[in-house]
Amino acid sequence: MKETRVVITGLGVVAPNGVGLESFRAALKEGRSGIQFDQQLADLQFSCQVSGTPPVDKENLSEYFTDLELRNFNSTGIMYGVIAGLDAWKDAGLEPSQDENPDWDSGTIFGAGTSGIEKFRESIYKIDALQTRRLGSTAVSQTMNSGISAYLGGKLGFGNQVTTNSSACTTGTESILMAFDRIKAGKAKRILAGSTSDSGPYIWAGFDAIKVCNFKSNENPESASRPMSASAAGFVPGSGAGALVVEDLESALARNAKIYCEILGGNLNSGGQRGGGSMTAPNSTAVQKCIKDAILDSGIEAKDIDYISGHLTATSKDATEIENLSTALNRSGKDFPYINSLKALTGHCLSAAASIECVAAILQLSENFVAPNINCEDLNPEISVIIDSDCIPQNLVEKNINIAAKVSFGFGDVNGCIIFKKYS
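Just so we're clear, the structure is a prediction, and the values are computed from it rather than from any experiment.

Analysis parameters
Residues numbered from 1 in each chain as written. Predicted model: local features only at pLDDT ≥ 70, side-chain atom pairs only at ≥ 80, totals over all residues. Heavy atoms only, no water. Helix = DSSP H or I, 4+ residues; strand = E, 2+ residues; numbered from the N terminus. Buried < 20%, exposed > 50% of the residue type's maximum accessible area, 1.4 Å probe, protein only. Contact = heavy atoms within 4.5 Å. Axes fitted to C-alpha atoms, helices over the stretch in contact; angles between N-to-C directions. Parallel < 35°, antiparallel > 145°, perpendicular 65-115°, else oblique. Nonpolar A, V, L, I, M, F, W, Y, C, P; charged D, E, K, R; others polar. Disulfide = S-S within 2.5 Å. Patch = residues over 30% accessible without salt bridge, like charges linked within 9 Å, V, L, I, M, F, W, Y side chains within 5 Å. Areas by Shrake-Rupley, 256 points an atom, 1.4 Å probe, with all protein chains shown as cover. Salt bridge = Lys/Arg side-chain N within 4 Å of Asp/Glu carboxyl O. Core = buried A, V, L, I, M, F, W, Y, C linked by side-chain atoms within 4.5 Å. Pairing = 2+ DSSP bridges.

**Q** Talk me through the environment of isoleucine 191; I want residue IDs and the actual numbers.
**A** Residue position: isoleucine 191 is located in strand S7 (residues 190-197). Taking relative accessible area as the criterion, isoleucine 191 reaches 0% and is therefore assigned buried. Along the chain, isoleucine 191 and glutamate 247 lie 56 residues apart, while their C-alpha atoms are 6.5 Å from each other. Discounting chain neighbours no more than four positions away, the residues touching isoleucine 191 are Gly107, Thr108, Ile109, Asn160, Ala179, Arg182, Ile183, Leu244, Val245 and Val246.

Below, the structure is given as structure tokens:
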């Protein structure tokens, strides 16, 4: 049987440092941060008063939503996901299904952590005020966890699988690998994969409460997110969405589509919250196994990887992540691949993080550059003893990248690694 190859043919992004591919690409190359002072967090007396909130031009929402949908609309996660998803579909040169028949060959696997937290809040106040009848006709669709895939499925007329996955910060990597598996199995020709996350204090409060967010840089927002830095003091909360059109190569070639890269394989696993793993900390043995198994599944060797898009959140676990990568790849010093963390520019976008970072990784792979790491001029010495500082570029590097790895690790001790290759 002929092996099915799977490629990426479309990208869309809503990120704190850029909405749309053009703006996001420029921010990547410039090392431009999207983190700003957040007055709402200050008013609510959060310790961390900076955030990465996407600068969405709400005047242009009519390009993505009907007037009826926008009535009483209050779900930022669905808003971000729909914008990114429809942009990716258009970028792939595809159109919504135009007749009464759904597109049986196309579907979506689009992840979320929660949906419509602000709509939940609004609804709770109305219910408590005995105003249940005033909730509006979209209260359910805005707050169900699968709201994002339902919106995208309806707008594009998908007849294949339409679902929402959820695995904390690994969500986006998981959605892409689920799409990859479905297409490899011959059950779909193309899947719109990605993930999204709501904005705002009601999403971010729990992280502020457990003191994992940086509260030391409220006066200097752009320097607040400091992955791999000795002065890293916690992550900056962010939000947004990333979307990718994952497609059967034969289908892509038949319609003469632009091809960004090929997906070679990957792996998902869990540390079971054993062996040092917990709800909030990774089991290093599981992390290393995830990476090794992804390499095995992709049919490559560890030495073939040119670039890694790290998870790297600007917490005490950054050095552990580098150590795990070095051990899994058996590469250290100057032999280690180039690595960067998008979170220095966007903050930690939670359930949207991995998909936004996959978009960034694919842009770097397809356009031959490594984006600069900002805010780590004081490189963590626990990291510099493992890998050479040249592997963590602080300026833009023009570099031919053939194979890139994206790693993701999430609450619940869940891990993901996906391998992308330049298409040839």
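This is not the end of the story, as more comes after the structure.
**Q** Outline the packing of helix H5 (residues 117-128) against helix H9 (residues 201-209), supporting the account with residue identities and numerical values.
**A** Each pair of packed helices can be summarised by the angle the axes make with each other and by the distance between the axes. In contact at an axis separation of 9 Å, H5 and H9 are set at 105° when each is read in the N-to-C sense. Viewed along their axes, H5 and H9 adopt a mutual orientation that is roughly perpendicular. On the side of H5, the interface is formed by Ile117, Glu118 and Arg121, while H9 contributes Pro201, Tyr202 and Ile203. Class assignment for the residues of the contact of H5 with H9 results in 4 nonpolar, no polar and 2 charged.

**Q** Outline the state of the cysteines, supporting the account with residue identities and numerical values.
**A** Under the criterion given, the structure shown has 0 disulfides. The thiol of cysteine 349 is unpaired, and the distance to the nearest cysteine sulfur, on cysteine 169, comes to 10 Å. Judged by relative accessible area, which is 1%, cysteine 349 ranks as buried. Cysteine 391 forms no disulfide, and the closest cysteine sulfur to it belongs to cysteine 376, at a distance of 12 Å. With relative accessibility at 5%, the residue cysteine 391 sits in the buried group.

**Q** Break down a nonpolar patch on the surface for me, citing the residues and quoting the values.
**A** A cluster of nonpolar residues, Ile210, Met279 and Phe411, forms a patch on the protein surface that exposes about 280 Å² of accessible area. Note that methionine 279 resides in the loop between strand S9 (261-270) and helix H11 (284-298).

**Q** Any chance you could break down the nonpolar core for me, citing the residues and the numbers?
**A** In this structure, Ile8, Leu11, Phe24, Leu28, Val246 and Ile263 are the most contacted members of the largest nonpolar core, which totals 46 residues. With 9 residues, helix H14 (residues 353-367) is the single largest residue contributor to this core. Beyond its immediate stretch of four places on either side in the chain, valine 246 contacts Val6, Val7, Ile8, Ile176, Ala179, Phe180, Ile183, Lys189, Arg190, Ile191, Ala193 and Ile263. Counting 32 residues, the second-largest nonpolar core is a separate cluster that includes Ile295, Leu379, Ile386 and Ile392.

**Q** Give a description of the pairing of S7 that names residues and reports values.
**A** Counting buried residues along S7, 8 of its 8 residues qualify, which places the element largely inside the surrounding structure. As defined by bridge partners, strand S5 (residues 106-112) adjoins S7 across 7 bridges and the pair is classed as parallel. Residue pairing in the sheet places serine 106 in a bridge with arginine 190 of S7. Here 8 bridges tie S7 to strand S8 (residues 240-248), and the two strands are oriented antiparallel to one another. Each residue of the ladder has a partner; that of threonine 196, found in S8, is alanine 241.

**Q** Which residues make up the packing of helix H1 (residues 21-30) against H14, and what values do they have?
**A** Between H1 and H14, the least distance of the axes is 11 Å, while the angle of their chain directions is 75°. The angle between H1 and H14 falls in the class roughly perpendicular. Seen from H1, the contacting residues are Leu21, Phe24, Arg25, Leu28 and Lys29; seen from H14, they are Ile356, Val359, Ala360, Leu363 and Glu367. Class assignment of the residues belonging to the contact of H1 with H14 gives a composition of 7 nonpolar, no polar and 3 charged.

Shape descriptors only; they carry no functional weight alone.
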